[in-house]
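A structural walkthrough
These are the residues of each chain, in order.
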Amino acid sequence: MRRADFARCGAAALAGGALALSFPPRTIWWLAVPAFAVLWLTLRDVTGRRAAGLGFVFGLAFFLPHLWWIQHFLGREFGPWPWLVLSALMALFICAVLALVPLVSKLPAAPVWAALLFVLQETARGLVPFNGFPWGRVAFGQVDGPFARLAMVGGAPLVTFAVVVTGFGLAAWLPKLREWRRGWALLPFAAALALGPLVAVEAQNGQRTVAVVQGNAPDAGLGLLEESATLRANHLRKTAELAALIRGGAVPKPDLVVWPESATRTRDRDPVLDQAITDLGVPTLVSALRDGQNAVIAWQPGTGAGESYAKQELVPFAEHIPLRPLARLVTPFADQPDLEAGTKPGLLRIADTQVGLGICYEVAYDYVLRESAAEGAQLLVVPTNNAWYGRGEMTYQQLAMARLRAIEHGRAVVVAAISGVSAVVRPDGSVVQQTGMFTDDLMVDTVPLRSDITFATRFGGAIHVLLTGAAFAACLIGVWTRRRASVVAEQG
């Protein structure tokens, strides 16, 4: 490898590592911009093949630290291979789209088209294979900065585009600052700042006091497979404790109680759970494994189980198993039956409130909570079970996704996690209360109910399609331009 190539690879790796550091639990969101500026400089005047290689290096340097929490989950039984293979697979998506950057680099406003290509790979990662893995989208690292406000206009795709085009644009145009029009690179940041006064948090349909029951779980990794009875007992015990605190006046009686994902296994008839919620005297969203589904059930005091929502986006190789013979090499769930995916949007009426639901992994998918908000959700609830992944960054990464959804749809979000971090998030994405990790806890807070539909809720899907279409159009124009230049050269 030539010294110049080695330097480019090193710079691409440095940029990928910087992007990883921009994500929560750290609050250095701004580091993403110089990361993409450095990436753009490494791609200057390279061939498609070299751009692909640099993209793979960048992607691997990002995903390896970003997905390190997988090691706690699977490392003891399967070694580093699930972590390495998944990181490499995700890096291949970046590799593929950056191979196209030389194709668009000669077009006017080249950083814009290159940024659209980066959004395109995030879109592809969320679709294939096996319904995709939309983790690590640039937008999810921006919840503590002004770029996140763009989510209320165009959701996560627009936020990613804004960050990437700012980084690419600064690198491309910084040497030409004397030309005032080169200041376009800062327009996304200026637009994000301008949106600040439009982020609304006030209640429009009253308020609700919500309690989260975090019963906790052993930090046992795969050992959690054998702990379903412990999870149920912990959450029943903590619910009884909440009931006692309410009766004693230590905490206000909530309007709604939320249990975290898979806190119990149950059926429609569950006398123990019936009695616990009747003693509590508060409608409760019970997240449970029931009848082959990962579901949230509206459980009423005195009457028991009511309407339910079933998780639509099941986790590949955990809740549904593609390629079972090969899956045995990377997952302990290979011999378990697939869960049944739900087919209806997550919207339940409980405690006189329209509650939108996305279970755990679903918060990474744009459409799940968008559908809920569009159909009238006044509050969003995200039950999750992050106990599998130990004390790593996974739970903070997922909380960041919930915070972005709060801004995107202008709704408060309640995150209920088995072992933490549970949180109450205001419609502006700020966290007003959160729990620690691997501790049993109760959290009670009042949240605003809102009904206004944001631009992103109404048109976010269409904006995503437009960004995708523009990326393909740029590639076609790039091919046409290159062929035309070739023909002219031959004729000359």
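In the block above lies the structure referred to throughout.
Every chain is numbered on its own, with residues counted from 1 as its sequence reads. Side-chain atom pairs in this predicted model are given and counted only at pLDDT of 80 or more, local residue features only at pLDDT of at least 70, and totals for whole chains, interfaces and linings cover all residues. The basis for the side-chain values is all heavy atoms of the structure; hydrogens and waters are excluded.

So, the pairing of strand β9 (residues 379-384)
This is how the line gets drawn: Three exposure classes are used, based on accessible area relative to the maximum for each residue type with a 1.4 Å probe and protein chains only: buried under 20%, partly exposed in between, and exposed over 50%. Secondary structure elements are taken from DSSP: a helix is a run of H or I of four residues or more, a strand is a run of E of two residues or more, and numbering for both begins at the N terminus. A strand pair is defined by DSSP finding two or more bridges across the two strands. A right-handed crossover is one whose linking path, passing over the helix from the first strand to the second, runs clockwise when the strands point away from the viewer.
In terms of burial, β9 is a largely internal element, 6 of the 6 residues being buried. Of the two faces of β9, the one lined by Leu 379, Val 381 and Pro 383 and the one lined by Leu 380, Val 382 and Thr 384 are each fully buried. As paired elements, strand β8 (residues 353-357) and β9 share 3 bridges and run parallel to each other. By the bridge assignment, Gly 356 is partnered in β9 with Leu 380. With helix α13 (residues 366-374) bridging β8 and its parallel neighbour β9, the resulting β-α-β unit is right-handed. The pairing of β9 with strand β10 (residues 413-417) spans 5 bridges and is classified as parallel. Pairing of Thr 384 across the sheet is with Ala 417, part of β10.

Considering the pairing of strand β4 (residues 284-290)
Of all 7 residues in β4, 6 are buried, a share of seventy percent or more. Where strand β2 (residues 256-258) lies against β4, 2 bridges are found, and the strand directions are parallel. Across the sheet, residue Val 258 finds its bridge partner in β4, namely Leu 285. In terms of strand pairing, strand β3 (residues 264-265) meets β4 through 2 bridges, oriented parallel. Paired with Arg 265 across the strands is Leu 289, a residue of β4. Taken together, β3, helix α11 (residues 271-280) and β4 constitute a β-α-β crossover, and its handedness is right-handed. As defined by bridge partners, β4 adjoins strand β5 (residues 293-300) across 7 bridges and the pair is classed as antiparallel. Bridge assignment links Leu 285 to a residue of β5, and that residue is Ala 298.

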